[in-house]
Amino acid sequence: MIGIFGGTFDPIHYGHLRTALDVMQAVGLEQIRFIPLHGPVHRNPPQASPGVRLQMVEAAISGQDGFVADDRELKRAGPSYTVDTLLDLREAFPDQTLCLLMGMDAFSGFPNWYKPDEILELAHLIVMRRPGEDQLSLASQNLLSKDQGPDISMVNQQSAGVILLQTVTQLDISSTRIRSMLSQGNLPRYLLPEAVLELVVEQELYKN
Ligand code: ATP
């Protein structure tokens, strides 16, 4: 089973990393592929370049077994849809079950994504509870209640379509907060790996 963790990672932080490890261990995933998004479809463009965001992901996950940096979205021109990335992964890993990880904020908007039904035919969704994000949109609540309370074993029994609400370490960290600290001249030390902070400082990222 492969976990897919897409994000702007602008920059990647411990909120992404610890929760990904929680999911990998709880669900029994063999690997988690961190996929930096080129230009997200649903929000403002990232501040750091695609190449630097990939570099930060590589620095952050270095040494962790099972964590893989995957640049397939960055190689495509323009914004890409999750459904296309999943079709790509299905082709690359035909024998593996795919699990798409996302925070509750992302899941809240999921029913409005491009082809959500097709996404659920290609992968399971693992929704990570995120501090301050307990309110789900009505549409995403309805999606959840269709499969009321599936347990982890269902992820193994079915090849796709299970929506699992997974409890993870509650770390109230966001890239927005990190960027804002840096723009005010404060170092966000201990919120992200030191190797990522070094890249941020070296390349003078997020100063304004
Ligand atoms: P920004 O503040 O720029 O919006 P972010 O911190 O939310 O960034 P993203 O790269 O947009 O980070 O997040 C990628 C995915 O990781 C999303 O599905 C998001 O919900 C999830 N995520 C981010 N931070 C956390 C966290 N602290 N706990 C759980 N999930 C998180």
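From a predicted model like this one, the values you see are computed outputs, not experimental measurements.

Reading the values: the criteria
Residues numbered from 1 in each chain as written. Predicted model: local features only at pLDDT ≥ 70, side-chain atom pairs only at ≥ 80, totals over all residues. Heavy atoms only, no water. Salt bridge = Lys/Arg side-chain N within 4 Å of Asp/Glu carboxyl O. Helix = DSSP H or I, 4+ residues; strand = E, 2+ residues; numbered from the N terminus. Buried < 20%, exposed > 50% of the residue type's maximum accessible area, 1.4 Å probe, protein only. Arc of directions from axis to C-beta. Core = buried A, V, L, I, M, F, W, Y, C linked by side-chain atoms within 4.5 Å.

Quick look at the pattern of salt bridges
Here the structure, examined in full by the defined rule, presents 9 salt bridges. The shortest N-O distance in the salt bridge between R18 and D22 comes to 2.7 Å. Here D22 and R18 lie together in helix α1 (residues 14-27), a separation of 4 residues that amounts to about one turn. Look at R18 and you get partly exposed, because its relative accessible area is 32%. For the salt bridge of R76 with D88, the shortest nitrogen-to-oxygen distance reads 3.9 Å.

Considerations on helix α9 (residues 175-183)
For α9, the full list of buried residues reads S175, I178, R179 and L182. Buried residues of α9, viewed axially, fall in a sector of 95°; they line one side. Just past α9, the residue G185 takes up positive phi, approximately 85°.

A short note on the nonpolar core
Considering soluble globular proteins, one finds that nonpolar side chains tend to be buried as a cluster. Ranked by size, the top nonpolar core spans 39 residues in total, and within it I12, L29, I32, F34, M56 and F67 carry the most contacts. Put simply, the parts of the chain that give this core at least two residues each are α1, β2 (31-36), α2 (50-61), β4 (98-103), β5 (124-128), α9 and α10 (194-202). A per-element tally of this core places α1 first, with 6 residues.

By themselves these figures say nothing about function.
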